[in-house]
Amino acid sequence: MGDVLAGIHATWGLESDALVIRFDRGIRTPKLFGALRERRVPHEALASVTLTPGKRGTVVLHAVPRPGADPLMEAAAGQLKEGSDPYRLVLPAERETLAEHYRDELRALLASHAGAAGAAGYGAYEPGDADAGGVAPADRFLVAPPPGPQSFKAYDGKASFDGTSEVAFRWSWTGASSEKWKAGDQVFSVRDLCGVEWRSPDGVDGYLRLVPRDGGPRAVQPDQDPACVVFGRYGPVYESLTFAAAVLAAIRGKDRAPVPVAVPAGGRGSGHRDPGAVAERIRHLGELHQAGLVTDAEFSAKKAELLAEL
């Protein structure tokens, strides 16, 4: 490995063709970093690299991935909190000069690497550029996904993925809706899927939903959809996001066609909702509240929102 730069929670190493990110493991390290451990990011997977002031006497190096290059970031769809972004390296402000040198060296490597954003002439290296706007999306994943098998516990069931071909949902008798119990435990072939929707468990409406390739009708509400597990503060980010990324990479491996990863705005359909569906959702929300997984304020606000849809 070439130049190595150690920051808070991670270390960056430069190789001739890739940026290697090794994450620390410890109590204060974001759990997502601990789960990822190490990532090798080919230069062609990056759009730009920036250096900006951080919080409380720090500076931040940010390697911005190209759209479509990393299954983890595709699955996250912009929902990761800043402190959990695996492409940010936080350093003490007194190391800014060293960070500038590292940024310039990485930019030079990107610009000279065949297929990298700089070599393609995208002009992605202007100061202050913090996104990948204007950079052509990658036509395939360039960063390796989290390895399988994967599994995690959600509020209404357990999700498991064998790492290559099958995803299974096993419903919990304490959390699953009557619709899911009627449908029974589910096993999905990766070949029959075209995408994954991940809504972060950091909110009260978190879920992971599999998108079938046949495009048939689906239940609007995640807790009614047998192709979906809901989190309810279960299924923490570091477990459910790595799961979603691994499944998404397997889907793309079966079918090279680009698959959009959508995050529905609020997860609701248009028009008025069926009163029975609203009542079922409120019942589920009440269970989360009684279990201490939703605060009084969150329960009241969400209940009012659901009632307003009638």
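Small disclaimer: the values here were computed from a predicted structure and weren't measured.

### Here we look at the side chain of Arg209
Looking at the secondary structure, you find Arg209 in strand E13 (residues 207-212). A polar contact is formed between the side chain of Arg209 and the backbone oxygen of Val220, at a distance of 3.4 Å. What Arg209 contacts, discounting residues up to four positions off in sequence, is Gly195, Val196, Glu197, Arg218, Ala219, Val220, Pro222, Asp225, Ala227 and Cys228.

### Here's the deal with the nonpolar core
Trp12, Leu19, Leu61, Phe169, Leu208, Leu210 and Leu241 are the most contacted members of the largest nonpolar core, which totals 63 residues. For this core, the leading source of residues is helix H5 (residues 237-254), giving 11 residues. For Leu241, the residues in contact, after removing those within four places along its chain, are Leu32, Leu72, Ala75, Ala76, Leu80 and Trp198.

### Overview of the packing of aromatic side chains
A full pass over the atoms with the stated rule returns eight aromatic pairs. Note on Phe161 and Phe243: the rings are 6.3 Å apart at their centroids and 65° apart in plane angle, and the pair reads as edge-to-face. Of the two residues, Phe161 is situated in strand E9 (residues 157-161) and Phe243 in helix H5; the sequence distance between them amounts to 82 residues. In terms of burial, Phe161 and Phe243 fall into one category: buried. Pairwise contacts between aromatic rings join Phe152, Phe161, Phe231 and Phe243 into one cluster. Sitting above the plane of the Tyr207 ring, Arg209 keeps its charged end 5.2 Å from the centroid.

### Considerations on the confidence of the model for the protein
Summing up the model confidence of the protein, the mean pLDDT is 84 and the portion of residues at 70 or higher is 80%. In this model, residues 114-132 is a region of pLDDT below 50 whose contacts with residues beyond four sequence positions or in other chains number 41 contacts.

### Some details on the sheet that holds strand E3 (residues 18-23)
Overall, antiparallel pairing links the four strands, which are arranged E1-E2-E3-E4 in an open sheet. Two strands lie at the open edges of the sheet, namely strand E1 (4-6) and strand E4 (38-42), each paired on one side alone. Strand-to-strand twist in this sheet, taken as the mean axis angle between neighbours without regard to direction, amounts to 15°. When strand E2 (residues 10-14) meets E3, the two strands line up antiparallel, connected through five bridges. Looking at the pairing, Leu14 lines up with Leu19 of E3. Against the sheet, helix H3 (residues 96-112) makes contact with E1, E2 and E3, and its axis sits at roughly 45° relative to E2, the strand it touches most.

### Topic: H3
The end-to-end C-alpha distance of H3 is 24 Å, a good match for the 24 Å that 17 residues give at a rise of 1.5 Å each. Among all positions in H3, only Ala99, Tyr102, Arg103, Leu106, Arg107 and Leu110 are buried. End-on, the buried residues of H3 take up no more than an arc of 135°, which puts them together on one face. Residues of H3 that are exposed and angled more than 90 degrees away from the buried face: Thr97 and Ser112.

### Description of the sheet that holds strand E6 (residues 58-65)
Pairing in this open sheet of three strands is antiparallel, and the strands run E5-E6-E7 from one edge to the other. Strands at the two margins of the open sheet, each flanked by one partner only, are strand E5 (46-53) and strand E7 (88-92). Geometrically, the sheet is characterised by an average inter-axis angle of 15° between neighbouring strands, direction not taken into account. When E5 meets E6, the two strands line up antiparallel, connected through seven bridges. Each bridged residue has a counterpart across the sheet, and for Thr50 the counterpart in E6 is His62.

The rules we used
Residues numbered from 1 in each chain as written. Predicted model: local features only at pLDDT ≥ 70, side-chain atom pairs only at ≥ 80, totals over all residues. Heavy atoms only, no water. Helix = DSSP H or I, 4+ residues; strand = E, 2+ residues; numbered from the N terminus. Polar contact = N/O pair within 3.5 Å; in protein donor to acceptor, adjacent residues only side chain to side chain. Contact = heavy atoms within 4.5 Å. Core = buried A, V, L, I, M, F, W, Y, C linked by side-chain atoms within 4.5 Å. Buried < 20%, exposed > 50% of the residue type's maximum accessible area, 1.4 Å probe, protein only. Phe/Tyr/Trp six-rings, centres within 6.5 Å; stacked < 30°, edge-to-face > 60°. Lys NZ or Arg CZ within 6 Å of the ring centre and 35° of its normal. pLDDT = per-residue confidence, 0-100. Pairing = 2+ DSSP bridges. Axes fitted to C-alpha atoms, helices over the stretch in contact; angles between N-to-C directions. Expected span 1.5 Å × (residues − 1). Arc of directions from axis to C-beta.

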